[in-house]
There are 2 protein chains.
Amino acid sequence: MSIHFQIETSAGAVRLAKLTTPHGEIETPVFMPVGTLASVKGVPQDVLEELGIQILLGNTYHLYLRPGVETVRTMGGLHKFMSWDRAILTDSGGFQVFSLNELRKVSEEGVTFRSHLDGSSHFFSPESAMAAQIGLGADIIMAFDECTEYPAERERARASMEMTLRWAERSKKYFEEHTREVPWASSQLAARGSQQTQSLFGIVQGGMDRELRRESALRTVEIGFPGYAIGGLSVGEPREMTREIIESTLEHLPADKPRYVMGVGTPEEIAEYARMGVDMMDCVLPTRAARHGLLFTSEGKVSIKQARYAQDASPLDPKCGCRVCARYSRAYLRHLYASNEVLAQVLNTIHNLTYYLDTMRAVRHAI
Amino acid sequence: MSIHFQIETSAGAVRLAKLTTPHGEIETPVFMPVGTLASVKGVPQDVLEELGIQILLGNTYHLYLRPGVETVRTMGGLHKFMSWDRAILTDSGGFQVFSLNELRKVSEEGVTFRSHLDGSSHFFSPESAMAAQIGLGADIIMAFDECTEYPAERERARASMEMTLRWAERSKKYFEEHTREVPWASSQLAARGSQQTQSLFGIVQGGMDRELRRESALRTVEIGFPGYAIGGLSVGEPREMTREIIESTLEHLPADKPRYVMGVGTPEEIAEYARMGVDMMDCVLPTRAARHGLLFTSEGKVSIKQARYAQDASPLDPKCGCRVCARYSRAYLRHLYASNEVLAQVLNTIHNLTYYLDTMRAVRHAI
């Protein structure tokens, strides 16, 4: 058993659990900030620790291209490479490759795609995606899936779902045969007195069709994983549809395993989904919005570039306890952003991550 | 008396002194990092404090354009605006305007220049440069000078020096008549129980001519300032010439006043100049080089972009105690830089500043 998921309390659909990984224990429901290239853009790891981040998400596609799996493996895995001793989850690369649009070609065997960096040709199969994720060495890795485009005809969504199921079996088979190849399998585990290595989660697809989602969930559970994700969302569908698919799919996932919704959402959404019984979520929104000067506060969204903040001496969010709100004024943050100062990105990201983490803490404390 | 300069120890030319400003006591010789736009690019103020930075330099020209003097004055001055409670020095804008080359026009009255941002036309005179610096509210401000280009004919250098002397008198006159207008003159001073406001330093010019420099020094001292800077260096002259001008000019500056060399230099140079009796220096080199992946270490300069560091697990500088060297490998820093991650700039800047501050600490401790 590579992870341990222990539900401690629940109230209605929402539950409070402890997820034990080889790199520490996570309190769920949890939000996972995105550290695409082994870095949460602009924020040093000691600050991430201070923020109380329990688990980071890394993007397999990006790390595969830079610095490359072999480099990370040689350096002892992602944790050691980026000096982050808490949990990490890597996505399968499926969604990222899906985003390449015209640069990819899908077949039963896998996906041929061109690098967004230099146009070079690459191939991801369930097996090679697993090999990449084993080499990167995250605590939780994801089965290789096909993210169905939106909108999609029912037959197209079914065919895509069927292939994701076949890929899930191939992912699991490869993973089970190679799981001891994780870079820290011997040394770091010995130090921790544990035999845990990685955990592989399955991904439910099925487009925006509740019936296909139900079937995908049941058959993915039949294959058997220690955790399940709902993928294929945030692909352009209306927000209400996202909620409906999450709600209907959750019913068919085992209550005693972690349930992860990929790529969502706003602060209101992640709180809502957590209350619906989702345990894990990740999203680029807090970090990406920060880079565009869009800040989440207890008084609503703030676009810090606006001239109205130019001489505003008040903190960004008077109810926020982060080091940014404790020290700097809106006027200063506005000046940094308007002047293209790098510190704008650093401070904005620290604040937005705090807001997201506080949102999840509030959900947990409400129980 | 706005600052107090107390020499504590000396050995040969080098001396260890305490410079007391309205915002704290500075141990000299001191290196001042450059925070052009009220930010040391990429590094939060709490980290700057932790690094032991005693005094920051702000650029009047840049702050005048963004966020504008009126905004900073309204916000209570630079210290409050950027949340930095230690000392700040602003340059006069003269050197920055000098760097605009084709965008400026100099007359006896002052300099007309075009903004590098939007081409708008502006005018700096000794009086308006003083007004700007009083509004910004740094602890130490600089007389408005003309930075003589290199190379320059002797007659041109003399004419330029003579105008700088006339501008020094005008700067001093305006400053003395308006010194109580500094934004924190009442409130912050009352809190500190001090009547100190700003101090105005004079600037020695004279091109690369030792005789003109001597005359400029003597006549600037005759006008009378609480500190003296040697300006007009680092304008393309050979390094040996810089050293000679500093050495010969220092002789003519009073030993009981702080002596500041503007815009220098490499770690070796700042150590050398400190040992020659220079008390204060500023330079963009540590921060600018960091942004280009050029790092100063006890083993020499490291260009972190090089492929040889791709799998180098060792710290950047094994003898450095900074948080970057304590936590991250050369391989990780190389990856961040090669991937254009913003964290590269943040971490590289923290390290290079540490190296510069350690260099000055070593000079002080050698006494």
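Procedures and definitions
- Residues numbered from 1 in each chain as written.
- Chains lettered and ligands numbered in written order.
- Predicted model: local features only at pLDDT ≥ 70, side-chain atom pairs only at ≥ 80, totals over all residues.
- Helix = DSSP H or I, 4+ residues; strand = E, 2+ residues; numbered from the N terminus.
- Expected span 1.5 Å × (residues − 1).
- Buried ≥ 20, exposed ≤ 12 C-beta atoms within 10 Å, placed from the backbone.
- Arc of directions from axis to C-beta.
- Contact = placed C-beta atoms within 7 Å.
- Axes fitted to C-alpha atoms, helices over the stretch in contact; angles between N-to-C directions.
- Parallel < 35°, antiparallel > 145°, perpendicular 65-115°, else oblique.
- Left-handed = near helix turned anticlockwise from the far one by under 90°.
- Least-squares fit on C-alpha atoms with pLDDT ≥ 70 in both.
- Pairing = 2+ DSSP bridges.

Caption draft 1: Quick look at helix H10 (residues 239–250) of chain A. Residues and elements named next belong to chain A. The end-to-end C-alpha separation of H10 is 17 Å, in line with the 16 Å expected for twelve residues at 1.5 Å each. Burial in H10 covers these residues: Thr 242, Ile 245, Ile 246, Thr 249 and Leu 250. One face of H10 carries all of its buried residues, which in axial projection span an arc of 120°. At its buried positions, H10 is contacted by strand S11 (199–204), helix H9 (210–223), strand S12 (228–230), strand S13 (259–261) and helix H11 (267–275).

Caption draft 2: Inspection of the packing of H11(A) against helix H15 (residues 342–366) of chain A at higher detail. Residue and element names in this part refer to chain A. Running from N to C, H11 and H15 point in directions that differ by 25°, and their axes come no closer than 10 Å. In terms of orientation, H11 lies roughly parallel with respect to H15. Relative to H15, H11 is oriented so that their crossing is right-handed. Mapping the contact onto sequence places Pro 267, Ile 270, Ala 271, Ala 274 and Arg 275 in H11 and Tyr 355, Tyr 356, Thr 359, Met 360 and Val 363 in H15.

Caption draft 3: Just the environment of Val261(B), in detail. Residues and elements named next belong to chain B. Residue placement: Val 261 occurs in strand S13 (residues 259–261). Taking the number of C-beta atoms within 10 Å as the measure of exposure, Val 261 has 28 and is therefore buried. For Val 261, the contacting residues outside a window of four places in its chain are Ile 230, Leu 233, Ile 246, Tyr 273, Val 278 and Met 281.

Caption draft 4: Spotlight on the relation of the copies chain B and chain A. Relative to chain A, chain B is turned by 180° and slid 0.0 Å along the rotation axis, the superposed coordinates differing by an RMSD of 0.0 Å. Taken together, the rotation and translation describe the operation of a two-fold axis.

Caption draft 5: Region of the structure containing the sheet that holds strand S14 (residues 280–283) of chain A. Residue and element names in this part refer to chain A. The strand order across the open sheet built from eight strands is S4-S14-S13-S12-S11-S10-S6-S5, with neighbouring strands paired in parallel fashion. Bordering the open sheet on either side are strand S4 (30–33) and strand S5 (55–58), each of which pairs with just one other strand. Neighbour to neighbour, the strand axes of the sheet diverge by 25° on average, direction disregarded. Bridge count for S4 against S14 is four bridges, and the pairing is parallel. Counted as the bridge partner of Phe 31 is Met 281 from S14.

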